[in-house]
Amino acid sequence: AADGRRSRSAPRAPGAHNVCRLLTRRTHGFYARDAGVAHRTNLGLLRQIVCQESTKFKNVWTTHSASPIAYERGRIYLDNYQCCISSTCELSEIYEQKKPNQEHKSLLNYTQMPLCLNGEMLPSPSDYKSSLIVLTVQNWLLRLSADSGEVLEKIYLTGSCCKFRYLSWDIPQELMVVKSAQNKLPAAARQAGIQQSVLFCLAVFQVLPLSFIGMLEINKKIFGNSVTDVAVSNGILIVMHSMGLVRLYNFQAILEQFMEQPFDLGHEFNWNGQVGVVGKYPFGLPCNVKITDIPPLLFEASSLENAFQIGGYPWHYIITPNKKKHKGVFHICSLKDNTLAKNGIQDMKCCSLEPDWIYFHPDMSGRIIHVGPNLVKVLKLKEVKNNTNQMEITEDFTVVANRENCVNNTLTVTASGRVVKKRFFFSKTFKIVDYEDELDLLSIVAVTQIGADGRAHLDFHCNERGILLKSIPLLESWDVTYSHEVYFDKDLVLHIEQKPNRRFSCYVYQMVCDTAEDDECSSHEKTEKVFCKKEGRIFEYN
């Protein structure tokens, strides 16, 4: 210190003489007085509690609905997001339900997106509230309070024929993109020879505070007649074509190069002969980004069904060769020079009824997860020996399902005294694989098919080595022909099921202590689940 007193800063770690390395270790919480240490310690304790043998998950609440059910950040949304149920309270108690104001009950088919703070000073006190971004069928963009449903901000997008339908992040928690449905002329207009050149509209917003950046059109005169879809992610404009071609452009450079004039929400404007207020009805937002020429191409690849992913270190991409006979075959190539990695062709040879899928690991480790019906392979990139310019794909670990198709013969005596012999087959299939980032767990939903019935369990595996740490049985039956979603959030497990005719069900499990009384009750419940006298058969599942 300047006055000669000894500095009271945290001591430098042994061997950490590099400033960059020291700062990196601080952000990771290696020192006792640094921010994040207590949080990391608490998450470590929670992981131990979740995975210990005595911890149980009890089915505490079930609901059914004729409209979609969604879950996001501790809240269950019913009635097309018009009813919010908090799942952070004690689930054995009655849930607190909150509905938006009456004026919003007519809003349907909207998408929600959570906002979080980035530490900067915000202009309005309402900006500090946990919020939902809502897109309505009437082209309104609303910011609602996630706690009360109160409308905090309203933005009218456009009064033109564009129908905005999709919300996505460009840069998570910083920039979001609102995309329209593809513009299609009515059949009568097409027969009359009327041409439609604008395929999609994109509106770009910055969050915290919510502000308008620009609106642009994807025109087939610029990008070609074969464009089928567009997306924006991490500063990249992704344009997909009907022949399987995927082209990437620098989205930030497009905004900077083709923006004609910036506009602020709530300010008056005079644009192309129209006078109004930005974001207000009936004018909405001006299309202030006019792409007049094809932007510089960053990268292009041809892939079956436009399937294309980028990740890993160094950068690689995953595609499927653009022929139907190659469906289920994945090629892992270098983004730098398009060379195929050694062992870069991954093929599990799965049947069409049980397809496999592949993606880069969400834990930012650069690894790859390849999931098949009975196998989960975690792959990693490493340099080829004696050739630093080429990478090879190696297995980090695998998780294998028991698919021996065990047969269980049971005898049933009918009312007439006739003895009937039944045979039941047992097979296990992986259906969902996800990553729990806070607890660093790989979660796998496996379904054991027992004759015509299915029983599922949620397994937690060590993300580093693949070791099974915990298995949570789901008590409800699992029909593989239905659509399923499973969420694990701190001490909760949620299973959302969509049945035919738009029937939805939600099953909530909560982590509970395993007392002696609970053990006795749960053992009886388990016995009932395992042995069914009426059917005369025994269910055995993990």
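Residues numbered from 1 in each chain as written. Predicted model: local features only at pLDDT ≥ 70, side-chain atom pairs only at ≥ 80, totals over all residues. Heavy atoms only, no water.

The protein goes by DCA17 factor in an unreviewed UniProt entry, where it is assigned to Eolophus roseicapilla.

### Considerations on the overall build of the protein
Scanning the protein for helices and strands turns up 6 helices and 36 strands. For the protein, buried positions account for 44% of its 542 residues. When contacts within the protein are restricted to residue pairs at least 6 apart in sequence, those whose partners lie at least 24 apart make up 45%. Of the roughly 30200 Å² of accessible surface on the protein, a fraction of 51% belongs to carbon and sulfur atoms. (Helix = DSSP H or I, 4+ residues; strand = E, 2+ residues; numbered from the N terminus. Buried < 20%, exposed > 50% of the residue type's maximum accessible area, 1.4 Å probe, protein only. Contact = heavy atoms within 4.5 Å. Areas by Shrake-Rupley, 256 points an atom, 1.4 Å probe, with all protein chains shown as cover.)

### Overview of the sheet that holds strand β33 (residues 492-499)
With antiparallel pairing, 4 strands are arranged side by side in an open sheet as β1-β34-β33-β32. At either margin of the open sheet sits one strand with a lone partner, and together these are β1 (56-65) and β32 (483-489). Between one strand and the next, the sheet's axes are offset by a mean angle of 15°, whatever the strand orientation. The pairing of β32 with β33 spans 7 bridges and is antiparallel. (Pairing = 2+ DSSP bridges. Axes fitted to C-alpha atoms, helices over the stretch in contact; angles between N-to-C directions.)

### Structural notes on the environment of S427
Here S427 is to be found in strand β28 (residues 419-436). Sequence spacing of S427 and N402 is 25 residues, and the spatial spacing of their C-alpha atoms is 7.0 Å.

### Let's talk about the sheet that holds strand β10 (residues 175-180)
Taking strand neighbours across the sheet as the criterion, the 4 strands line up as β9-β10-β11-β12 in an open arrangement whose pairing is antiparallel. A strand with exactly one partner marks an edge of an open sheet, and here the two such strands are β9 (164-171) and β12 (211-219). When the angles between neighbouring strand axes are averaged without regard to direction, this sheet yields 20°. Here β10 pairs with strand β11 (residues 198-206) via 5 bridges, running antiparallel. Looking at β11, one finds that V177 is bridged to V204.

### Let's talk about the environment of V134
With respect to the element layout, V134 can be found in strand β6 (residues 131-135). Sequence separation between V134 and V151 is 17 residues; the distance between their C-alpha atoms is 9.9 Å.

### Brief notes about the side chain of T158
Mapped onto the fold, T158 is located in the loop between β8 (151-156) and β9. The contact partners of T158, leaving out residues within four places of it in the chain, are N139, F164, F283 and G284.

### A look at unusual backbone geometry
Looking along the chain, the bond that leaves Y281 and enters P282 is cis, with omega of 10°. Backbone geometry places N343, a non-glycine residue, at a positive phi of 60°. Positionally, N343 belongs in strand β22 (residues 340-347). N343 sits in the partly exposed class, given a relative accessible area of 47%.

### Topic: the packing of aromatic side chains
In the structure shown here, the tally under the stated rule is 13 aromatic pairs. Aromatic pair F269 and F283: ring centres 6.4 Å apart, planes at 85°, arrangement edge-to-face. Note that F269 is positioned in strand β16 (residues 268-271) and F283 in the loop between β17 (274-277) and β18 (297-302), a separation of 14 residues in sequence. Take F269: its relative accessible area is 6%, and that puts it in the buried class. Here F283 falls in the partly exposed class, since its relative accessible area comes to 30%. (Phe/Tyr/Trp six-rings, centres within 6.5 Å; stacked < 30°, edge-to-face > 60°.)

### A closer look at helix α5 (residues 251-258)
Within α5, burial applies to F251, I254, L255 and F258. Taken end-on, α5 shows its buried residues confined to a sector of 100°, consistent with a single buried face. Exposed and oriented more than 90 degrees from the buried face of α5 are E256 and Q257. Residues of α5 that are buried in the fold lie against β9, β11, β12, β13 (227-233), β14 (236-241) and β15 (245-250). Put simply, N250 is the residue that caps the front of α5, since its side-chain oxygen is 3.1 Å from the backbone nitrogen of Q252. (Arc of directions from axis to C-beta. Polar contact = N/O pair within 3.5 Å; in protein donor to acceptor, adjacent residues only side chain to side chain.)

### Points about helix α2 (residues 37-51)
For α2, which comprises 15 residues, the first-to-last C-alpha distance of 21 Å matches the rise-based estimate of 21 Å (1.5 Å per residue) to within 8%. Looking only at α2, the buried set comprises V37, L43, L46, V50 and C51. (Expected span 1.5 Å × (residues − 1).)

### Side note on the pattern of salt bridges
A full pass over the atoms with the stated rule returns 11 salt bridges. A salt bridge links R367 to D363; the nearest nitrogen and oxygen atoms lie 2.9 Å apart. There is no split in this pair, since R367 and D363 are both buried. Put simply, K490 and D489 hold a salt bridge, and the shortest N to O gap is 3.7 Å. A relative accessible area of 18% means that D489 is categorised as buried. A single network of salt bridges, built from pairs that share partners, joins D363, R367 and D396. (Salt bridge = Lys/Arg side-chain N within 4 Å of Asp/Glu carboxyl O.)

### With respect to the pairing of strand β31 (residues 468-477)
Where strand β30 (residues 453-462) meets β31, 7 bridges bridge the pair, whose relative direction is antiparallel. The residue bridging R455 from the neighbouring strand is S477, located in β31. As consecutive antiparallel partners, β30 and β31 are separated by 5 residues, and within that stretch G466 has a phi angle of approximately 85°, a positive value.

### Considerations on the environment of Q390
Assignment of secondary structure puts Q390 in strand β26 (residues 387-400). You can call Q390 partly exposed: its relative accessible area is 27%. Between the C-alpha atom of Q390 and that of S334, which follows or precedes it by 56 residues, the distance is 8.6 Å. The contact partners of Q390, leaving out residues within four places of it in the chain, are L340, A341, K342, K382, E383 and V384.

### Considering the confidence of the model for the protein
Chain-level statistics for the protein give a pLDDT mean of 82 and a share of 79% at 70 or above. Ranking the elements of the protein by mean pLDDT puts strand β35 (residues 531-532) last, at 37, and strand β24 (residues 368-371) first, at 97. With pLDDT under 50 throughout, residues 1-10 is counted as low confidence; its partners more than four residues away or in other chains account for 3 contacts. When the criterion is pLDDT under 50, residues 90-111 qualifies, and its contacts beyond four places in sequence or with other chains add up to 55 contacts. (pLDDT = per-residue confidence, 0-100.)

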